[in-house]
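Letter by letter, the chains look like this.
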Amino acid sequence: MITSKPKKGHLLIAEPSIIGDLSFNRSVILLADYNDEGSIGFILNKPLDYTLNDLIPETKAQFTVHNGGPVEQDNLYFIHKVPQLIPDSIEISNGVFWGGNFEIVLQLLKEQKLMDSDIRFFLGYSGWEPEQLDNELESNAWIISENVYKNELIEKSCESFWKQKMLELGGDYSLWSNAPENPSYN
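Here is a short report on the structure shown in this document. None of the values given here were measured: they were computed from a predicted structure. (Residues numbered from 1 in each chain as written. Predicted model: local features only at pLDDT ≥ 70, side-chain atom pairs only at ≥ 80, totals over all residues. Heavy atoms only, no water.)

### Observations regarding helix α2 (residues 102-110)
Owing to its 3.6 residues per turn, the α-helix aligns residues three or four sequence positions apart on the same side. Applicable threshold: We call a residue buried when its accessible area falls under 20% of the maximum for its residue type, exposed when it is over 50%, and partly exposed in between, using a 1.4 Å probe and counting protein chains only. Secondary structure is summarised from DSSP: a helix means a run of H or I of at least four residues, a strand means a run of E of at least two, and numbering begins at the N terminus for each. Each direction from the helix axis to a C-beta atom contributes to the arc, which is the arc of those directions. By the convention used here, residues are in contact when the closest approach between their heavy atoms is within 4.5 Å. Side-chain atoms alone can form a polar contact between residues adjacent in sequence; in general such a contact is a pair of N or O atoms within 3.5 Å, and within protein one must be able to donate a hydrogen while the other accepts it.
Along α2, the residues classified as buried are V105, L106, L108 and L109. Around the axis of α2, the buried residues are gathered within 165° of arc, so they sit on the same side. Summarising the contacts, the buried residues of α2 are in contact with α1 (52-55), β6 (71-80) and β9 (119-128). Of the residues that open α2, the one with a side-chain oxygen 3.0 Å from the backbone nitrogen of E103 is N101. A positive phi of about 55° marks Q112, the residue just after α2.

So, in C-alpha cells, the structure goes:
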C-alpha cells in the first residue's frame, strides 16, 4: 500500500528515475525515524562484500554487512527483531527494532544465540536534514510504502528487493523491474 506522508517504519522505494546516484539508485530504505529534526533510514538491499567477522573477527559471525547509506560509513548500525535479547533497543515499528546494547549483541553472537534472520548490520545510514526528505518526495524521487512484512523484513529484504517492489507496484513500474541498472547498457 502506498501512502502520501512518510512515517517511522515505512519503506522508501527509489523511483526508477534516480539514475546516477550511486547511493540510492534502486534502493529500498527502512525509515527508522522521521520528524521535524530530520530523517534516518537504512538501505535494505545493498549487501557489501564484508561479513561481520571481517569487521569484528572475535564474533566469528558470517553475517553479511549492508551499505546502510552514505552517512557515517565507518560506523556499524543494526536493526533486529529480538528486543527481549538486546536491551536498550528502540522500536521502529511492527516489531522491528533499532540498536541496543552492543556488548550484549557481541556476547550473543559469540554464544551463537543470534541468527542472521534476527539481525541485520549496516555500515553507515541514510540521513536527511529537516524538510530535505519532504522536498525529495515532492520531486518524486521516492515512493512511500507501508512495511507489510513487519519484522520478517529483516530476512525478506534482499538484493532483488527493489525489483520485487517494482513488480508489486505494477503498471509502468513492472516494466522498470527488468530494465538494466544503467540505461546506456540497453
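### Section: the pattern of salt bridges
Defined as follows: Each salt bridge in this description consists of a side-chain nitrogen of Lys or Arg and a carboxyl oxygen of Asp or Glu lying within 4 Å of one another.
The full count for this structure, using the stated rule, is 5 salt bridges. E111 is the partner of K113 in a salt bridge, and the nearest nitrogen-oxygen pair spans 3.1 Å. For E111, a relative accessible area of 38% gives the class partly exposed. Here K156 makes a salt bridge to E152, at a shortest N to O gap of 4.0 Å. Judged by relative accessible area, K156 falls into the partly exposed class, the value being 42%.

### A short note on the environment of I92
Structurally, I92 is set in strand β7 (residues 90-93). In this structure, the C-alpha to C-alpha distance between I92 and K8, residues 84 residues apart in sequence, is 6.1 Å. With residues up to four places along the chain from it excluded, the contact list for I92 reads K8, G9, L30, L31, A32, I79, F97 and W98.

### Focus on the packing of aromatic side chains
As a reminder, the rule being used: Pairs were defined over the aromatic rings of Phe, Tyr and Trp, the Trp ring being its six-membered one, requiring ring centres within 6.5 Å. Orientation was assigned from the angle between planes: stacked under 30 degrees, edge-to-face over 60, tilted for the rest.
Taken as a whole, this structure holds 11 aromatic pairs when the rule is applied. Taking the centre distance of 5.5 Å and the plane angle of 55° together, the rings of Y149 and F161 count as tilted. With a gap of 12 residues between them, Y149 in the loop between β10 (142-145) and α4 (153-156) and F161 in helix α5 (residues 161-169) connect regions that are remote in the sequence. Residue class for Y149 comes out buried when judged on its relative accessible area of 14%. Classification of F161 as buried rests on a relative accessible area of 0%.

### Overview of the nonpolar core
Cut-off, in case you're wondering: The set of buried Ala, Val, Leu, Ile, Met, Phe, Trp, Tyr and Cys residues whose side-chain atoms join them within 4.5 Å is what this entry labels a nonpolar core.
Within the largest apolar cluster, 34 residues are counted, with the highest numbers of intra-cluster contacts made by L44, I79 and W142. With 6 residues, the top contributor of residues to this core is strand β2 (residues 28-35). In this structure, I79 is in contact with L30, F42, L44, I92, V96, F97, W98, D118, I119, R120, F122 and I154, ignoring residues within four places of it in sequence. Within the second largest apolar cluster, 16 residues are counted, among which are L52, I56, L109 and I119.

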